[in-house]
Amino acid sequence: MPAKIQILPDHVSQVIAAGEVVERPASVVKELVENSIDAGCSQVIVELAGGGIQFIRVRDDGEGMTPDEVPLSLRRYATSKIREAEDLFAIHTFGFRGEALPSIASVSKMTLQTRVRQSISGTKVVCVGGEIKSISETGCPVGTEVEVRDIFFNVPVKRKFLKSIRSELHQALNHFLKLTLAHPSVAFKFIHDGRTLHELVKAESPHVRVEAVLGKEIYDHLQLFTFEDGEIRISGFASLPSISRKSAEGIYLYVNQRVVRDRMVYKAITEAYRHVIPAGRFPAAVLHVVVPPYAVDVNVHPTKAEVKFRDPERVFQAVYGALHSLLEPASFVGPSTREEAFIPSMGFKESSAPGPPSYRSPTQLSFQKGYEGGFLVARDAFPVREEGGEKSRVRILGQIHGTYLLGEIEEGLILIDQHAAHERIVFERYKREYEAHSVPVVQFLIPVVLELTAEESLILSSYLEELHSMGFEIDQVGERDYALRSAPSLIPEKDLTETVREILKDVAFLKKEGREGEILHSILISLSCHSAIRANAILRREEIEELITTLSTYSFSATCPHGRPIFFVLSTEDLAKQFKRK
Ligand code: ADP
Ligand code: MG
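Residues numbered from 1 in each chain as written. Chains lettered and ligands numbered in written order. Predicted model: local features only at pLDDT ≥ 70, side-chain atom pairs only at ≥ 80, totals over all residues. Heavy atoms only, no water.

## Remarks on the pairing of strand E13 (residues 285-290)
Okay, step 1: Along E13, 5 of the 6 residues are buried, which leaves the element largely enclosed by surrounding structure.
Okay, step 2: Here 6 bridges tie strand E10 (residues 232-239) to E13, and the two strands are oriented antiparallel to one another. Bridging across to E13, isoleucine 234 finds its partner in valine 289.
Okay, step 3: Inspection of the sheet shows strand E11 (residues 251-255) paired to E13 by 5 bridges, in the parallel sense. Bridging across to E13, isoleucine 251 finds its partner in alanine 285. (Buried < 20%, exposed > 50% of the residue type's maximum accessible area, 1.4 Å probe, protein only. Helix = DSSP H or I, 4+ residues; strand = E, 2+ residues; numbered from the N terminus. Pairing = 2+ DSSP bridges.)

Okay, here's the thing in structure tokens:
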């Protein structure tokens with residue numbers, strides 16, 4: 001009988017170990033680009049085919065490897081970057097575990113070519129599934145080029161776990177961009193299926209790189225900041241309250257220039273922005289935390305995506321403090337009035353969930369709590385006009401805080417959220433017009449130019465038709481530039497770009513979730529949201545009248561398309577109770 005416990009053959013243990021480092025094409029891109037940066041290069045070209053599943057090629061002009069270094073670099077725990085365990089606590093390079101190249105080699109077909117400056121020829125090694133097939137002398141430029149084909153060709157289970165080309169590309173691009181932000185002095189290029197998606201020139205200052213990667217529009221809302229607390233240094237760019245995003249994807253975090261995820265730092269960021277941007281939304285930020293190497297352990301995660309701070313609380317305070325002082329001029333107002341104070345003075349622009357209801361200030365909450373089971377009643381439908389009746393049943397009393405409308409109805413007092421109400425009306429209208437192919441549009445004499453990120457441009461190009469049927473006529477005019485020639489007439493011109501962006505973001509999200517069926521609906525919602533009157537807009541009496549009359553024409557559901565309530569009724573009976581008349 002064979003022994004029950006056996007040592008795994010090398011090729012099996014290698015594949016197991018590789019699993020920790022190589023999860024998908026994006027991990028390969030990350031490891032290879034980090035190696036290039038460690039090699040002191042001034043330029044990196046990343047080329048992918050089929051989302052990186054077909055092939056990934058990374059070429060740099062760094063220091064290269066000598067012929068005897070090449071086979072070593074493919075051995076596990078072979079690294080030029082540390083010598084002693086102690087060195088782990090004074091790391092200045094990205095790599096140090098000596099795992100990336102052997103891991104990548106063991107799950108792909110890899111070819112590496114490299115040459116050092118002092119030598120007239122280079123070395124080429126071909127590896128299949130971790131096995132070196134050949135090593136030969138070759139002519140090649142100074143630097144290193146690694147080509148990785150057919151990732152996971154020998155680990156079918158892993159290959160099955162790969163997502164669509166688009167999704168793999170998205171992740172690879174994401175990792176790539178994160179690295180480029182931390183190294184403005186290196187030039188980068190990213191090519192996919194022959195198309196250059198990003199070309200980033202060597203930049204003297206981080207500003208240029210941040211603008212190139214995040215796009216001018218976001219860049220315009222960013223503020224540079226630096227903050228020091230003893231040996232902790234926090235610096236970077238963070239967005240002003242004038243923009244916010246639906247996801248945390250616009251937050252780029254670096255610890256000692258290393259791309260990391262850190263829940264605690266994210267928490268410090270969201271805390272600093274609390275009450276400054278609407279709940280559930282995120283700022284854009286490129287945030288660098290710099291601490292002495294001994295104050296952070298970078299060897300806690302196989303791909304080094306997480307770190308462990310020696311004194312996390314101090315880092316939290318520093319990040320929070322840095323952002324808080326940046327945002328301070330904006331946050332002097334008390335919680336209940338903060339929004340009103342913001343909007344006019346800071347050009348506060350809410351893009352997807354406008355209006356105070358999404359932002360529940362403490363006062364709002366306690367108000368509702370205090371009257372729990374009490375008099376604020378959400379009803380099923382807005383009081384409709386009586387059959388054949390001419391007049392609306394609502395007698396308008398006025399508007400408060402530029403946001404809510406008050407009216408008297410037979411049952412008592414009605415409070416209406418003007419944005420939510422209008423949003424519902426516009427939504428119903430768009431739906432009808434869309435179905436009848438008659439969405440009213442404006443044609444622009446001078447097209448509005450949209451400068452999109454590579455990813456946005458990818459989505460846009462596959463949804464041009466849908467957008468067209470909604471009234472957006474868009475042509476591609478540059479690599480990532482688009483000309484918007486017409487748009488639904490209800491959207492204010494200044495909101496156009498933001499609206500398109502919002503739509504693309506939603507489409508990407510729904511696609512990722514496999515909810516394509518909801519895309520149309522979601523576009524309609526975005527359109528309505530941007531076309532509807534905002535909170536904090538003083539309405540004339542005629543406008544209020546029109547809004548309420550339109551509302552009472554239909555038997556609407558009681559919520560806006562986002563699902564927030566449109567109105568509440570404070571019943572006469574409850575009023576009486578409140579004043580102890582009953
Ligand atoms: P690590 O980066 O942790 O040292 P890797 O497996 O990524 O481990 O790389 C092993 C070694 O191969 C590196 O330490 C480095 O000496 C060499 N190497 C890898 N990529 C390059 C490159 N692009 N240019 C020069 N040397 C490289
Ligand atoms: Mg490495």
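Next comes the rest of the write-up.
## A few points about the sheet that holds strand E21 (residues 473-476)
Okay, step 1: In space, the 3 strands of this open sheet follow the order E20-E22-E21, with antiparallel pairing throughout. Two strands close off the open sheet at either side, each with one partner strand: strand E20 (441-451) and E21. Direction aside, the axes of adjacent strands within the sheet are offset by 20 degrees on average.
Okay, step 2: As defined by bridge partners, E21 adjoins strand E22 (residues 481-488) across 4 bridges and the pair is classed as antiparallel. Bridging across to E22, glutamate 473 finds its partner in serine 486. (Axes fitted to C-alpha atoms, helices over the stretch in contact; angles between N-to-C directions.)

## Quick notes on the environment of leucine 214
Okay, step 1: Take leucine 214: it is sitting in helix H7 (residues 206-214).
Okay, step 2: In the structure, leucine 214 is positioned 37 residues away from leucine 177 in sequence and 9.2 Å away in space, judged by C-alpha atoms.

## Considerations on the nonpolar core
Side chains that are nonpolar tend, in soluble globular proteins, to be buried together.
Okay, step 1: Ranked by internal contacts, the top residues of the largest apolar core, which has 61 residues, are Val33, Val46, Met110, Phe176 and Leu214.
Okay, step 2: Top contributing element to this core by residue count: helix H6 (residues 165-182), with 8 residues.
Okay, step 3: Counting residues domain by domain, this core receives three or more from each of domain 1 (10-200) and domain 2 (206-337).
Okay, step 4: Those residues within four positions of phenylalanine 176 in sequence are excluded, and the remaining contacts are Val29, Val46, Phe188, Lys189, Phe190, His198 and Leu200.
Okay, step 5: With 37 residues, the next largest nonpolar core counts Leu253, Tyr273, Val291 and Val307 among its residues. (Core = buried A, V, L, I, M, F, W, Y, C linked by side-chain atoms within 4.5 Å. Domains from an automatic or database assignment. Contact = heavy atoms within 4.5 Å.)

## Section: the site of ligand 1
Okay, step 1: Near ligand 1 there are 20 residues, and of these Thr79, Ser80, Lys81, Phe96 and Gly98 occur at the shortest range.
Okay, step 2: Residue asparagine 35 places a side-chain N or O atom 2.8 Å away from an oxygen atom belonging to ligand 1.
Okay, step 3: Contacts to ligand 1 include arginine 97, whose backbone N or O atom sits 3.0 Å from an oxygen atom.
Okay, step 4: For the shell around ligand 1, the secondary structure elements donating two or more residues are helix H2 (25-38) and helix H4 (100-106).
Okay, step 5: Ranked by residues supplied to the shell around ligand 1, first place goes to H4 with 3 residues.
Okay, step 6: Grouping the amino acids of the shell around ligand 1 by side-chain chemistry returns 7 nonpolar, 9 polar and 4 charged. (Near = heavy atom within 4 Å. Polar contact = N/O pair within 3.5 Å; in protein donor to acceptor, adjacent residues only side chain to side chain. Nonpolar A, V, L, I, M, F, W, Y, C, P; charged D, E, K, R; others polar.)

## Comments concerning the sheet that holds strand E9 (residues 222-229)
Across a sheet, strands are paired by hydrogen bonds formed along the backbone, either parallel or antiparallel in direction.
Okay, step 1: Strands sit in the order E9-E10-E13-E11-E12 across an open sheet of 5 strands; the sheet is mixed. Of all strands in the sheet, those with a lone pairing partner are E9 and strand E12 (258-259), marking the two edges.
Okay, step 2: Bridge count between E9 and E10: 8 bridges; the pairing is antiparallel. Each bridged residue has a counterpart across the sheet, and for leucine 222 the counterpart in E10 is serine 239.
Okay, step 3: With respect to the sheet, helix H9 (residues 263-273) is in contact with E10, E11 and E13, its orientation differing from that of E11 by roughly 130 degrees.

## As for the packing of aromatic side chains
Okay, step 1: Enumeration according to the criterion identifies 4 aromatic pairs in this entry.
Okay, step 2: For the pair phenylalanine 176 and phenylalanine 188, a centre-to-centre distance of 5.7 Å together with 90 degrees between the ring planes defines the contact as edge-to-face. Residue phenylalanine 176 is found in helix H6, and its partner phenylalanine 188 is found in strand E7 (residues 187-192); the two are separated by 12 residues along the sequence. Across this residue pair, the class does not change: phenylalanine 176 and phenylalanine 188 are buried.
Okay, step 3: When the ring of tyrosine 219 is compared with that of phenylalanine 237, the centres are 6.4 Å apart and the planes differ by 45 degrees; the resulting orientation is tilted. Of this pair, tyrosine 219 sits in helix H8 (residues 216-219) while phenylalanine 237 sits in strand E10, and the two are 18 residues apart along the sequence.
Okay, step 4: Among the aromatic residues, those joined into a cluster by ring pairs are Phe176, Phe188 and Phe190.
Okay, step 5: Between lysine 109 and the ring centre of phenylalanine 153, over which it is positioned, the NZ or CZ distance is 4.8 Å.
Okay, step 6: The side chain of lysine 304 reaches across the aromatic face of phenylalanine 96, ending 5.5 Å from its centre. (Phe/Tyr/Trp six-rings, centres within 6.5 Å; stacked < 30°, edge-to-face > 60°. Lys NZ or Arg CZ within 6 Å of the ring centre and 35° of its normal.)

## Looking at the confidence of the model for the protein chain
Okay, step 1: In this model, the protein chain carries an average pLDDT of 82, and 87% of its residues clear a pLDDT of 70 or more.
Okay, step 2: Residue range residues 330-381 is modelled with pLDDT below 50. Its contacts to residues more than four positions away, or to other chains, number 95 contacts.
Okay, step 3: Note on residues 384-390: pLDDT under 50 across the span, and 11 contacts to partners over four residues away in sequence or across chains. (pLDDT = per-residue confidence, 0-100.)

## Considerations on the packing of H2 against H6
Okay, step 1: Between H2 and H6, the shortest axis-to-axis distance is 8 Å and the interhelical angle comes to 25 degrees. Overall, the two elements H2 and H6 adopt an arrangement that is roughly parallel. Of the two possible hands of crossing, H2 and H6 adopt the one that is right-handed. Every residue of H6 that contacts H2 at Pro25, Ala26, Val29, Lys30, Val33 and Glu34 is listed here: Glu168, Gln171, Ala172, His175, Phe176 and Leu179. (Parallel < 35°, antiparallel > 145°, perpendicular 65-115°, else oblique. Left-handed = near helix turned anticlockwise from the far one by under 90°.)

## Remarks on the pattern of salt bridges
Okay, step 1: Tallying each qualifying case throughout the model produces 30 salt bridges.
Okay, step 2: Close ionic contact of glutamate 408 with arginine 395 constitutes a salt bridge, the shortest N to O distance being 2.7 Å. In this pair, glutamate 408 sits in strand E18 (residues 404-409) while arginine 395 sits in strand E17 (residues 395-400), placing the two residues 13 residues apart along the sequence.
Okay, step 3: You can call glutamate 408 partly exposed: its relative accessible area is 38%.
Okay, step 4: What emerges from the salt-bridge pattern is a single network uniting Lys30, Glu31, Glu34 and Lys304. (Salt bridge = Lys/Arg side-chain N within 4 Å of Asp/Glu carboxyl O.)

## As for the environment of histidine 521
Okay, step 1: Residue position: histidine 521 is located in helix H17 (residues 519-531).
Okay, step 2: Along the sequence, histidine 521 and proline 561 sit 40 residues apart, while their C-alpha atoms lie 9.5 Å from each other.

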